[in-house]
Each structure stands twice: as structure tokens, then as C-alpha cells.
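# Summary of the model geometry
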Amino acid sequence: MLLTKSRTLIVATGIIALVSLMLTLLVAGVVSAGNAVGPIPGQFGDNTAGADPSNQMGWDWTSAASNARVSLYLASNPFTSTPIYGIEVFVEPTTSTAPVLKDLRSTPLPTGQVLYFNFTTSTQLTGGSNVGIHLLNSAGADVVISQAPRNMGLLTPVATATPVPPPPPTPVPTTIVPTDQVTKVATPTNGAAVVIQPNAAATLSAPDGTVSVAVPILANATTFQLTYNPSPASVPAASADQKIVRAFEINAYNTLGTKVTLSLLSTAAVTVKYTAADVSVAPDKSPLNLKIARYDTTTSVWVALNTTVDLAAQTLTANTTTFSTYAMVTQVPPPQTVATPTPTATPVAIPTATPMPTATPVVTPTATPRPPSTGDVTPGSGMVLLMVLVGFILITAGGTYLSQTRRAKAQRS
């Protein structure tokens, strides 16, 4: 009787082992199916394929005690052309505006793999905890934020304010005196005079076409007069590096015919034609060494203006906001400084040491990233083989022993 019980125990143990093995394999198959790679974004938290039809990204969070982790996947950058450089994690963002984690990097976050961001909290997170994330640009500013404090998975771009257009410029109040009410000044001999209104552009031109002054619209707030005099009564002497080729006056007057000093709101262009005779007295006989200069009555010096030379039209043009005596002057070009190279010593060759042989580096294979697991453990292949072997041995031993016992009993009877 005792032997029969022992045999029954052995057989039962084998059957239990095989049933346990089958249940283990079944559970392992279910866990493996739940963790299949598949469309990775659809496996994350609440970010299902329905919530994110493009299936481009997903995120979720897990915690244990005070340790927590956010898992982020970016298949690409579907929401903005701005690269993502970092992440901020907020816990209970409705009551706290400070992130518990800010990870800002010098290069954009990689795509096509699951990224893990670990952090700690003062209290353990539970299923009812609120967690939100912000994705950042290289300056640490928000680019994409989670749609709600609780993990909704889908991220939406941060709304940007519509830029406010700059206010239009304040119009300059103008005073226009009709031309027939202006007390006109006398026109200089061989010169010219013109009335200039604020609301229109005007040009003062010499009768022979050698000098012209182009005044833009709204250059002055009130009506004024401009005259050209080709023969000034006196011409101040030029500086040592200049030579006056030809001088003339451009003077401003108010509507009553009184000479005034104006400071225009915008620049007027003074253009002077040069001749072959003018070029012949210029340094190197080059028109590029001719300038327009204005006599500054405050400092009593000739000031060479920034002059543009038109070789085709043979003109010099300079901009100005004030009027006085002008001249075409020659300007000595600055000397060209040629740097003398410093002799360098012949480098002495230093024998190089024979390089030591280096060991061939051992390359460690990189594991393929997978989405975060759910916490289940799948048994290894070694454990499965061991359990199969033990169950087979127990059943075989029990069956063999039972067969021998029956054979012996039959022989005794």
C-alpha cells in the first residue's frame, strides 16, 4: 500500500510539473504578445492609434516608491520644424509650476527609439497622480506641451501669439505756402533758384547742367527756397591734402526771402559733372580721386563727403542735410601700407617615437531599444528546459516503477 501511494505521488508530481510548465508557457506567450514591438507609439499609455492617427510619437510614466520614469518616443518631429532638444516633467501641474525634471541637451533628441528620463518625487505617484510634459527647443523654451495635466499621450503645439504690426510712422505736420505767395529771392548770375514744397520732390539744376540738387518729398516740414550760385564771393582755402578744382554755393531761404540754415529731415543728393580737365589735375589723373566737399562754417574746415563716382556719366554724387559752400576737390589717396613679412626660423625636425601597438578594441553589441515593459517577467529558455526535463524524469520513473511492481505481483500470484 505504501508503495502504491509513493508511485501515485511520483506520477502526480510529474503531472503537476507538466501542467505548471504549460501554464508558464501560456502566460509567457501572453506577456510576450503584449510587449511586441509593433507600432511603438500606440503602445504608450493613453496615446492610442485613435488619439494619434499619425502614430508618430507616444509617452508614458511609471513609478516605484520615490523613483519615477517618463518614457518618450519620437518617430520623427511631426508637430513642428523646430528640433526638440529637451524635456520638462511636471507633477501635479495644476498646483505647482516648477518642473521636477528639466533635461536640456546640446544636440536634438534622437528619433526612432524610446528615451528614458528618470527623476525622483517627494511622494510616491499613484494612478490618480497628474503628470505632464513639455518638449523644449535649444533655448529651453516650450515647443510642444501635453494636452492636459493628466497623461493624454497626444501632444499639441504651443499656441503662438499673433505678432502685432508696428504702428505706422507719425506723419510729419507740414506747412505749405502757395508758390505765388512766396517772396522769391533773386536768381544768382548764371545760377538758378527754385521754391520747394514739403509735399513734393524737387530738383535745383544749374543752367549748364554741371550741378544739380535732388530734394526728396517731406525733406522739410515747411516751404523753402534753394539757390545755386556758381561764383561765390569768397572761397575758403583748402587743407594741405586737398585742392579746390571748382567751388559753388547752395543756399536756403525761407518764404520771406531770408537766408536760413536748414537741417533736412532726409538727405538731398548733390551731383556734379566732371571734365577731362578736372581729371587731369587729380592725383594719378584718376576721377576716383575727385571728391565733393562742403565747407563747415562751425569748424571752418572743408569736409570731404562720401562721394560716388559714375565713370559712365562722369558725375560725382554725395548726400547732405545742410547747405553752404561746396567744391569739387582733389583728394590725395592714402598711402598703401605693405606689411614686411617677418622671417621665421627653419623648424628643427624632432624625431617621433615609434608608436606602441594598440590592442584591438572589443566591440560590445548595442541592444535594440524596446518600449517600456509592463513589469511582467518572462522565464528564460534555460529554466523552461530544466522544468521539461524534471517533469519527464518524474513521469518516466513513476511509470517504470509501477510497471515492475505489477509484473512482480503477477508472478507471485
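In case you missed it, the structure is sitting above this.
Each value, and the rule that gives it
Residues numbered from 1 in each chain as written. Predicted model: local features only at pLDDT ≥ 70, side-chain atom pairs only at ≥ 80, totals over all residues. Heavy atoms only, no water. Core = buried A, V, L, I, M, F, W, Y, C linked by side-chain atoms within 4.5 Å. Buried < 20%, exposed > 50% of the residue type's maximum accessible area, 1.4 Å probe, protein only. Contact = heavy atoms within 4.5 Å. Phe/Tyr/Trp six-rings, centres within 6.5 Å; stacked < 30°, edge-to-face > 60°. Helix = DSSP H or I, 4+ residues; strand = E, 2+ residues; numbered from the N terminus. Lys NZ or Arg CZ within 6 Å of the ring centre and 35° of its normal. Salt bridge = Lys/Arg side-chain N within 4 Å of Asp/Glu carboxyl O. Pairing = 2+ DSSP bridges.

### Some words on the nonpolar core
Ranked by internal contacts, the top residues of the largest apolar core, which has 31 residues, are V213, V215, L226, F248, I250 and F323. Excluding residues within four positions of it along the chain, F248 makes contact with V211, Y228, N229, P230, P232, V270, V272, S324, T325, Y326 and A327. Within the second largest apolar cluster, 21 residues are counted, among which are V89, F117, V143 and V144.

### Structural notes on the packing of aromatic side chains
If you walk through the whole model with that rule in mind, you get three aromatic pairs. Between the aromatic rings of Y228 and F248, the centroid separation amounts to 6.0 Å while the plane-to-plane angle is 55 degrees, which identifies the pairing as tilted. Here Y228, found in strand β12 (residues 224–229), pairs with F248, found in strand β13 (residues 242–253); they are 20 residues apart in sequence, far enough to count as distant. Relative accessible area serves as the criterion here: at 5%, Y228 is assigned to the buried category. Accessibility expressed as a relative area gives 3% for F248, which makes it buried. Their ring planes at 10 degrees and their centres at 6.0 Å tell us that F248 and Y326 sit as a pair that is stacked. Of this pair, F248 sits in strand β13 while Y326 sits in strand β20 (residues 325–331), and the two are 78 residues apart along the sequence. Members of the aromatic cluster, joined through ring pairs, are Y228, F248 and Y326. A cation over an aromatic ring shows up here: R69 above the ring of Y116, its NZ or CZ 4.4 Å from the ring centre.

### Some points on the pattern of salt bridges
Summed over all chains, the structure comprises three salt bridges. Residues E88 and K102 are paired through a salt bridge, measuring 3.8 Å at the closest nitrogen-oxygen approach. Within this pair, whereas E88 is found in strand β3 (residues 86–91), its partner K102 is found in strand β4 (residues 101–104), the two being separated by 14 residues in sequence. One salt bridge connects D278 with R246, and the closest N-O pair in it is separated by 2.6 Å. On the criterion of sequence distance, the pair formed by D278 in helix α2 (residues 276–280) and R246 in strand β13 is long-range, its members being 32 residues apart. Assessed through its relative accessible area of 7%, D278 is described here as buried.

### As for the environment of V70
Here V70 shows up in strand β2 (residues 67–74). When near neighbours in sequence (up to four residues on either side) are disregarded, V70 contacts W59, D60, W61, I87, V89, L115, Y116, F117, F119 and I133.

### Observations concerning unusual backbone geometry
Positive phi, normally seen in glycine, also occurs at L218, with a value near 60 degrees. Phi angles above zero are rare outside glycine, and S300 is one such case at about 60 degrees. For S300, the location among the structural elements is in the loop between β16 (290–296) and β17 (301–304).

### Description of the pairing of strand β6 (residues 131–136)
Counting buried positions along β6 yields six of six residues, so the element is predominantly enclosed. Here β6 shows two buried faces, one formed by V131, I133 and L135 and the other by G132, H134 and L136. One ladder, built from six bridges, connects β3 with β6; its direction is antiparallel. Its bridge partner being in β6, F90 is matched across the sheet by G132. Bridge analysis of β6 against strand β7 (residues 142–146) gives three bridges, and the strand direction is antiparallel. Along β7, the bridge assignment pairs H134 with I145. Hairpin geometry of β6 and β7 is characterised by an intervening segment of five residues between the two adjacent antiparallel strands and by a positive phi of about 85 degrees at G140.

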